[in-house]
Amino acid sequence: MLCVTLVPVPVDAFCMFLLGAALLVVGMGFFTLGAEMSMMPIGEKAGEKVASSKWLFVLLACFLMGSMITVAEPDLKILAAQTPAVSDGVLILAVAVGVGICMALGALKVIFGWSLRTLLLAGYALIFILAAFVPSDFLPIAFDAGGVTSGPMTVPFIMAFGLGLTSVQSRKGKKSDSFGLVALSSLGPVLVVMLLGILFRISSGSYTPLELTQVSNTRSLVLEFTGNLQTYLLEVFTALLPIVFLFILFQALFFHLKKRRCIKIFVGVGYTFLGLTLFLLGVNVGFMPMGYYLGSALAGSFPLLLLPVAMLMGYYIVKAEPAVLVLNRQVEEVTQGAISQKTMMSGLSIGMAVSLGLAMVRILTGLPMIWFLVPGYAVALALSFAVPKIFTSIAFDSGGVASGPMTATFLLPFAMGACEAVGGNVLLDAFGIVAMVAMTPLILIQMIGLIYQVKTKRAGYHMPAQFVPEQIVELEGTGNEE
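The structure displayed is predicted, hence computed values, not measured ones.

Would you mind going over the overall build of the protein chain with me for this structure?
Along the protein chain, the regular secondary structure elements total 20 helices and 0 strands. Taking contacts inside the protein chain between residues at least 6 apart in sequence as the whole, the part at least 24 apart equals 86%.

Would you explain empty space enclosed by the protein in this entry?
Over the atoms a probe the size of a water molecule is rolled, and this reveals where empty space is left. Enumeration according to the criterion identifies 4 cavities of 30 Å³ or more in this entry. Lining the largest cavity we find 16 residues, and of these Tyr124, Gly146, Ser186, Tyr377 and Ala438 sit closest to its centre. Taken together, the elements giving at least two residues each to the lining of the largest cavity come down to helix 5 (116-130), helix 6 (139-147), helix 8 (181-200), helix 16 (389-402) and helix 19 (433-458). For the lining of the largest cavity, the element with the highest residue contribution is helix 8, accounting for 4 residues. Its residues assigned to classes, the lining of the largest cavity comprises 11 nonpolar, 5 polar and no charged. Here the second largest cavity is characterised by a volume of approximately 60 Å³. Around the second largest cavity sit Ile42, Ala46, Met65, Met68, Ile69, Phe157, Ile243, Leu246, Phe247 and Phe250, which together line it. Looking at the lining of the second largest cavity, the elements that each hand over two or more residues are helix 1 (11-51), helix 2 (55-71) and helix 10 (229-255).

For this particular structure, what's the right way to read the confidence of the model for the protein chain?
Caution is warranted with low-pLDDT regions, since their predicted coordinates should not be read in detail. Across the protein chain, pLDDT averages 79, with 87% of residues at or above 70. Overall, residues 463-482 carries pLDDT values under 50, and its contacts beyond four positions in sequence, including any with other chains, amount to 28 contacts.

Just checking my understanding: could you explain the layout of surface pockets for this structure?
Of the voids in this model, the largest pocket is the one considered here, and its volume is about 620 Å³. If you go around the largest pocket, you meet 22 residues; those closest to its centre are Phe17, Phe287, Met313, Ile317 and Phe410. Looking at the lining of the largest pocket, its residues break down into 21 nonpolar, 1 polar and no charged.

Help me understand the packing of aromatic side chains, please; the structure alone is not making it clear to me.
To describe a pair of aromatic rings, you give the distance between the ring centres and the angle between the ring planes. Evaluation of the coordinates by the stated rule reveals 9 aromatic pairs. Geometrically, the ring pair formed by Phe17 and Phe287 is stacked, given 5.3 Å between the ring centres and 20 degrees between the ring planes. Of this pair, Phe17 sits in helix 1 while Phe287 sits in helix 11 (residues 259-301); the two residues are 270 residues apart in sequence, bridging distant segments of the chain. The exposure class of Phe17 is buried, given its relative accessible area of 17%. Residue Phe287 is classed as buried on the basis of its relative accessible area of 7%.

When you look at the nonpolar core in this model, what are you seeing that I'm missing?
Across soluble globular proteins, nonpolar side chains show a tendency to be buried alongside one another. The biggest cluster of nonpolar side chains holds 148 residues, and the ones touching the most others in it are Leu120, Phe143, Phe161, Met194, Leu294, Met360 and Ile433. Sorting elements by how many residues they give to this core places helix 11 first, with 17 residues. The contacts of Leu294, once residues within four sequence positions are left out, are Leu2, Cys3, Val7, Val9, Phe410 and Phe414. Counting residues in hydrophobic clusters, the runner-up holds 9 residues, among them Met344, Val387, Ala395 and Ile445.

Even after reading the chapter, I still don't get the side chain of Ser349, so can you show me in this structure?
Mapped onto the elements, Ser349 comes out in helix 14 (residues 341-365). Residues in contact with Ser349, not counting those within four places in the same chain, are Gly314, Tyr315, Val318 and Lys319.

What is the right way to read helix 8 from this model?
Every α-helix winds through 3.6 residues per turn, so residues three or four apart in the chain are directed the same way. In this model helix 8 runs 30 Å from its N-terminal to its C-terminal C-alpha over 20 residues, within 8% of the 28 Å that 1.5 Å per residue would give. Counting buried positions along helix 8 gives 16 out of 20 residues, so the element sits mostly inside the fold. Within two residues after helix 8, Arg201 carries a phi angle of roughly 45 degrees, on the positive side.

Mind showing me how you'd approach the packing of helix 3 (residues 74-82) against helix 17 (residues 405-421) here?
Any two packed helices are characterised by the angle at which their axes cross and by the distance between the axes. Look at helix 3 against helix 17: their axes get within 8 Å of each other, and the N-to-C directions meet at 25 degrees. The pairing of helix 3 with helix 17 is recorded here as roughly parallel in orientation. Crossing of helix 3 over helix 17 shows right-handed handedness. Side by side, helix 3 and helix 17 meet where Asp75, Ile78, Leu79 and Gln82 of the first sit next to Pro405, Ala408, Thr409, Leu412, Pro413 and Met416 of the second. Per-class residue counts for the contact of helix 3 with helix 17 are 7 nonpolar, 2 polar and 1 charged.

Each value, and the rule that gives it
Residues numbered from 1 in each chain as written. Predicted model: local features only at pLDDT ≥ 70, side-chain atom pairs only at ≥ 80, totals over all residues. Heavy atoms only, no water. Helix = DSSP H or I, 4+ residues; strand = E, 2+ residues; numbered from the N terminus. Contact = heavy atoms within 4.5 Å. 1 Å grid on protein atoms, 1.4 Å probe; cavity = no way out; pocket = protein on both sides within 12 Å on 5 of 7 lines; lining within 4 Å. Points joined across faces, edges and corners; volume = space filled by probe spheres on them. Nonpolar A, V, L, I, M, F, W, Y, C, P; charged D, E, K, R; others polar. pLDDT = per-residue confidence, 0-100. Phe/Tyr/Trp six-rings, centres within 6.5 Å; stacked < 30°, edge-to-face > 60°. Buried < 20%, exposed > 50% of the residue type's maximum accessible area, 1.4 Å probe, protein only. Core = buried A, V, L, I, M, F, W, Y, C linked by side-chain atoms within 4.5 Å. Expected span 1.5 Å × (residues − 1). Axes fitted to C-alpha atoms, helices over the stretch in contact; angles between N-to-C directions. Parallel < 35°, antiparallel > 145°, perpendicular 65-115°, else oblique. Left-handed = near helix turned anticlockwise from the far one by under 90°.

The following block contains the structure:
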């Protein structure tokens with residue numbers, strides 16, 4: 001609609017965008033199917049096995065699994081490719097280490113029954129203390145690094161791992177304890193990347209704008225995509241190889257799955273490989289340049305429309321995030337339908353729209369990112385004292401999954417283009433949009449929990465502090481109406 005109304009674009013660029021979008025859709029379809037067939041079973045079996053092991057083995061296994069699964073995360077690859085501060089490999093390694101550490105911490109939380117709220121308070125307090133020492137132009141990159149880790153690769157694996165862990169090890173045996181692992185896994189990358197910036201005094205470097213590629217005919221159009229195919233095939237193969245090796249090792253030592261189940265998992269890995277390759281190809285060649293061009297043209301010609309258009313984009317684009325669909329489905333399943341997929345999606349859509357609106361305000365005014373994040377997280381953490389604990393866990397998980405591949409591939413380039421057009425500092429004002437997207441769902445989902453709590457009390461049911469739908473289900477049919 002933008003291309004045929006406010007922002008006309010060259011026909012060749014529009015065709016590249018359409019082909020890139022088609023590859024993205026097909027690729028993400030195969031990728032999601034593959035992740036469901038392979039990553040989720042591996043995660044759940046690994047969680048069950050780890051839960052019955054000694055805690056030192058738990059720490060080592062969680063660190064390795066968290067690190068390896070993060071290396072294959074497409075969102076992280078896309079952010080690293082757009083970050084001028086450090087090389088792709090260094091940033092990916094730092095983020096992977098952060099996820100590994102916090103995944104081990106999350107496992108200990110489940111095993112020893114630690115409070116998620118306490119861990120989040122301590123983690124965010126440390127983050128905002130360190131923020132005072134990080135170079136200002138590197139700070140948005142550090143916050144964005146935490147947002148991109150919870151994407152379509154890591155979320156299914158971590159949530160399945162959490163379910164497997166809690167099914168065996170949780171002190172009270174509640175599936176709801178599995179929530180919060182994604183939230184914790186998003187804290188580690190921010191801290192590690194911040195330490196990277198502090199210790200080596202890294203500045204964000206120089207930024208190279210994205211440009212639309214011009215093609216003269218259909219053959220040139222196809223060659224733009226196929227010319228980079230080998231690069232992405234090798235990149236994806238390298239990312240998935242450690243995960244396959246880890247599964248083979250666990251299968252030989254612990255899992256002992258039947259042959260048919262193993263074949264299904266390897267087929268799923270094949271789907272994941274194909275899907276991730278097509279996804280990265282479509283995104284890098286056809287999708288990101290269009291996002292940058294639209295943001296630049298819209299901000300240059302219609303700056304007043306930048307905010308409402310971005311909010312409208314945000315409202316609908318979150319529905320295309322594959323990790324959001326995974327989370328919503330598992331939330332409805334674990335809460336026995338008390339929190340429906342529709343309710344979750346509405347909250348996340350509104351949260352995304354608000355996030356994009358605030359991000360455009362930053363771009364138009366040049367206000368520091370920290371002015372938005374500190375009060376936002378303060379409100380989110382304050383709400384955690386007023387709502388049932390499961391809503392806090394789900395809310396902080398939701399913040400991570402909302403900032404998925406659609407944010408990194410389209411909204412971040414869109415923000416970069418808009419920032420460049422209004423004369424802002426791209427590295428200070430455009431980066432940080434992933435962090436903004438990850439923040440507002442924390443407040444919106446907890447507000448839903450607060451409303452839900454008030455309604456249940458008015459209806460005569462006093463919800464316990466730790467709302468566990470399983471307890472309600474167990475009472476059904478017992479004759480104990482009270």
